[in-house]
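The lines below spell out each chain.
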Amino acid sequence: MFKGARWLSGSAGPLLDLKQKQMAVDEQAVILATLAESVARAGCRLLEVGSWCGDSTMVLGAVAKRHDGHLFCIDWWKGNIGTDLERIAEQRDVFSVFWQRVRESGLEDVVIPMRGKSEDIGGILAPGRFDLIYIDGDHRHESACRDVAGFSPMVRDGGVLCGDDCEGRLADFDPEFLEAGKDRDCVESVHCGVVLAVGQAFHDYSIDYNIWSVQRTGPGWRPLDIEFPGVRRKRQFSPPVIESHAVYNLVRYGRLVYAIPHALGPVDVTEEETRRRPEIVSAASVAALRKKLDKAIAESRDAARAQGGAAPPPGQAGGPAALPIKLGAFLGFNIVRYQGVIYALHRGLGPLDLGRQRVTPETRGVLVAGFVGELLLPIVRFRAGSVRRRVLGIWRQWKASTIRQWLPAGRQANRGRGAFQHEDSTGAVKGPEGVQRRRLRRAVHGDPEGDR
Ligand SMILES: C[S@@+](CC[C@H](N)C(=O)[O-])C[C@H]1O[C@@H](n2cnc3c(N)ncnc32)[C@H](O)[C@@H]1O
């Protein structure tokens, strides 16, 4: 449970470590606690399949403690096969971390760890013994089906069976996508094995922030209809980023993958309003989306080149992003991507509205390219030119003052700084330094002031 949903700008992939909180959103803790409270009674028995370092154990253990009950925790503490958890468990004694946390939380007499494979331990438990069973073990299809089928008889009448990592119902996904991913822990942030196992086991069930649940009613099951205090009803929490492509974060929600410009920051594609935003592009698969983005970027770049570097108008249909996206800064230039074109804009230009102002490679202080790498050398050259001019200016000033020292006192008074530069009646600087300043201003700003 509780995988971290993180917003990336740059590299993709969750960075899990042992100490990292596994709780994706706080709402999950409220939901789990509320489900447990709804069925807990004095001396209750709760069961958790998959405890890892104890995030969900803390939640369920607190409920069991409040009711003088127990929480049984089944885990082999070797992590999920083929995941980061498995690699971590090879290097660390995860059970010790789990137990230390249990002790520090005062749950030593409440939590009863049962170390081993869930399929081995499940077989020795008696039916109808538990008020709530929470399943968050092996997410692959076969194991998930085995856990659901194996542990459901252990729930008492009126009790709750629930679990984590159910990103939606069968109908929310392309069946081929679920089938292709069912034997892996998680594909593109979807636990296909769990989605399939739950959808196949129950006709109807609740999903709240990826936690699925059903309540036993005699021989059958029904979805729970519980209010979760302080939690807005939502089936799925904002899905984590699966990868970054160009300046987009890619996330999967249901049947589609969405590309969200980094500049938009963390947005929630589970909200319909967000999915309708013009800057957000979607496709049925990551590969199709990458292709679509690359094509849109190339088309937009070609269009910009055909127009002599002018940016297409904002909000252009099919454009990869209507908003300029700042990619970074380099040697006094802001580097911005707009409509698939990369611009280096000298900071001296001040705020620019790329959508309205005509900005071309001919504009002073503006460099245009198809990709960032193309800009670096021209920026360095530009900077080298301006440094050279500045050094030249300093040298000329130094030369002027040194020559002044050599001049006889009378001539110094006469010539003063006017020998090399002076202000005229309008206050404009004349002489070599004035020329220098004007050139610099014109080069950087295209500034009419530079002519003064
Ligand atoms: C996603 S973690 C559980 C996270 C935990 N519920 C929490 O909130 O922190 C899954 C756990 O299932 C355990 N696990 C995976 N396959 C298992 C199996 N066949 N039997 C027992 N435990 C298993 C792993 O060792 C891991 O600790």
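As the structure is a prediction and not an experimental result, all values here were calculated from the model.

1. A short note on the overall build of the protein chain
Within the protein chain one finds 13 helices and 18 strands. Of all intrachain contacts in the protein chain linking residues separated by at least 6 positions in sequence, the fraction that spans at least 24 positions is 64%.

2. A word on the nonpolar core
In this structure, Leu 32, Ala 36, Leu 46, Leu 60, Leu 132, Ile 133 and Val 195 are the most contacted members of the largest nonpolar core, which totals 60 residues. Looking at this core, the element that brings in the most residues is helix α1 (residues 26-39), giving 7 residues. Aside from chain neighbours lying at most four places away, what touches Leu 46 is Ala 36, Leu 60, Val 63, Ala 64, Gly 69, Leu 71, Phe 130, Asp 131 and Leu 132. Counting 18 residues, the second-largest nonpolar core is a separate cluster that includes Leu 250, Val 257, Ala 259 and Leu 289.

3. What to know about the sheet that holds strand β11 (residues 256-261)
Within the open sheet, the 4 strands sit side by side as β9-β10-β11-β12. Their pairing is antiparallel. Both edges of this open sheet fall to β9 (243-245) and β12 (281-283), since each of them pairs with a single strand only. If you compare each strand with its neighbour and ignore which way they point, the axes differ by 30° on average. Where β11 and β12 come together, 3 bridges link them in antiparallel fashion. Within β12, the residue paired with Val 257 across the bridge is Ala 283.

4. Observations concerning the sheet that holds strand β15 (residues 341-346)
Ordered by their spatial adjacency, 4 strands build an open sheet running β13-β14-β15-β16, and the pairing between neighbours is antiparallel. On the outer flanks of this sheet lie β13 (325-330) and β16 (366-369), each paired with one strand and no other. Direction aside, the axes of adjacent strands within the sheet are offset by 20° on average. Note: β15 against β16, 4 bridges, orientation antiparallel. Its bridge partner lying in β16, Leu 345 is registered against Val 366.

5. What about α1?
Taken together, the buried positions of α1 are occupied by Gln 28, Ala 29, Ile 31, Leu 32, Ala 33, Leu 35, Ala 36 and Val 39. In this structure, the buried side of α1 is in contact with β1 (45-49), α2 (55-66), β4 (130-135), β5 (155-163), β6 (206-208) and β7 (211-217).

6. Side note on the confidence of the model for the protein chain
Across the protein chain, the average pLDDT comes to 82, with 76% of residues at 70 or higher. pLDDT under 50 marks residues 313-322. Its contacts with residues more than four places away, or in other chains, come to 21 contacts. Low pLDDT (under 50) marks residues 443-452, which in the prediction has 22 contacts with non-local residues, meaning those over four places away or in another chain.

7. As for the packing of helix α6 (residues 141-151) against helix α8 (residues 192-201)
Where α6 meets α8, the closest approach of the two axes is 8 Å, and the angle between their N-to-C directions is 40°. The angle between α6 and α8 places the two elements in the oblique class. Remark: the crossing between α6 and α8 carries right-handed chirality. Side by side, α6 and α8 meet where His 141, Ala 144, Cys 145, Val 148 and Ala 149 of the first sit next to Gly 193, Val 194, Leu 196, Ala 197, Val 198 and Ala 201 of the second. In the contact of α6 with α8, the residues fall into 9 nonpolar, 2 polar and no charged.

8. Topic: the pairing of β13
When β13 meets strand β14 (residues 333-338), the two strands line up antiparallel, connected through 5 bridges. Following the sheet pairing, Lys 326 is matched in β14 by Val 336. From the end of β13 to the start of β14, which pair antiparallel, there are 2 residues, and Leu 331 there has a positive phi angle of about 45°.

9. Topic: the environment of Ile 207
In this fold, Ile 207 is placed in strand β6. Residues Ile 207 and Pro 223, spaced 16 residues apart in sequence, show a C-alpha to C-alpha distance of 8.8 Å.

10. A few points about unusual backbone geometry
If you check the backbone angles, Glu 188 has positive phi at about 50° while not being a glycine. Its place among the elements puts Glu 188 in the loop between α7 (175-181) and α8. Taking the C-beta count within 10 Å as the criterion, Glu 188 has 18 such neighbours and is therefore assigned partly exposed. At Ala 246, a position not held by glycine, the phi torsion is positive, near 50°. Note on placement: Ala 246 falls in the loop between β9 and β10 (248-253). Residue Ala 246 is classed as partly exposed on the basis of its 19 C-beta neighbours within 10 Å.

11. What about the environment of Gly 123?
Residue placement: Gly 123 occurs in the loop between α5 (118-122) and β4. Sequence separation of Gly 123 and Gly 150 is 27 residues, and the distance between their C-alpha atoms is 7.6 Å.

12. Considering the environment of Val 368
Of note, Val 368 is situated in strand β16. On the basis of neighbour count, Val 368 is assigned to the buried category, with 24 C-beta atoms found within 10 Å.

What counts, and at which threshold
For every chain, the first residue of its written sequence is number 1, and the numbers climb from 1 along that sequence. Local features in a predicted model are, by the rule used here, given only for residues with pLDDT of at least 70; side-chain atom pairs are given and counted only at 80 or more, and totals for whole chains, interfaces and linings are based on all residues. Only DSSP runs of H or I reaching four residues or more are called helices, and only runs of E reaching two or more are called strands; each is numbered from the N terminus. Think of it this way: build a C-beta for each residue from its backbone, and any pair within 7 Å is a contact. Connectivity within a nonpolar core runs through C-beta atoms within 7 Å, and the core itself is a set of buried Ala, Val, Leu, Ile, Met, Phe, Trp, Tyr and Cys residues. To sort residues by exposure, count the other C-beta atoms lying within 10 Å of each residue's C-beta; 20 or more gives buried, 12 or fewer gives exposed, and values between give partly exposed, all with C-beta atoms placed from the backbone. Only strands that DSSP links by at least two bridges are regarded as paired with each other. An axis is simply a line fitted to the C-alpha atoms; with a helix, the fit covers only the stretch in contact. Between two such axes, the angle follows the N-to-C directions and lies from 0 to 180 degrees. Confidence scores per residue from the predictor, reported as pLDDT, run from 0 to 100. Convention used here: angles under 35 degrees read as roughly parallel, angles over 145 as roughly antiparallel, angles from 65 to 115 as roughly perpendicular, and any remaining angle as oblique. Crossing handedness is read from the near helix: turned anticlockwise from the far helix by less than a right angle, it gives a left-handed crossing, and turned clockwise, a right-handed one. Note on residue classes: Ala, Val, Leu, Ile, Met, Phe, Trp, Tyr, Cys and Pro are nonpolar, Asp, Glu, Lys and Arg are charged, and everything else, Gly too, is polar.

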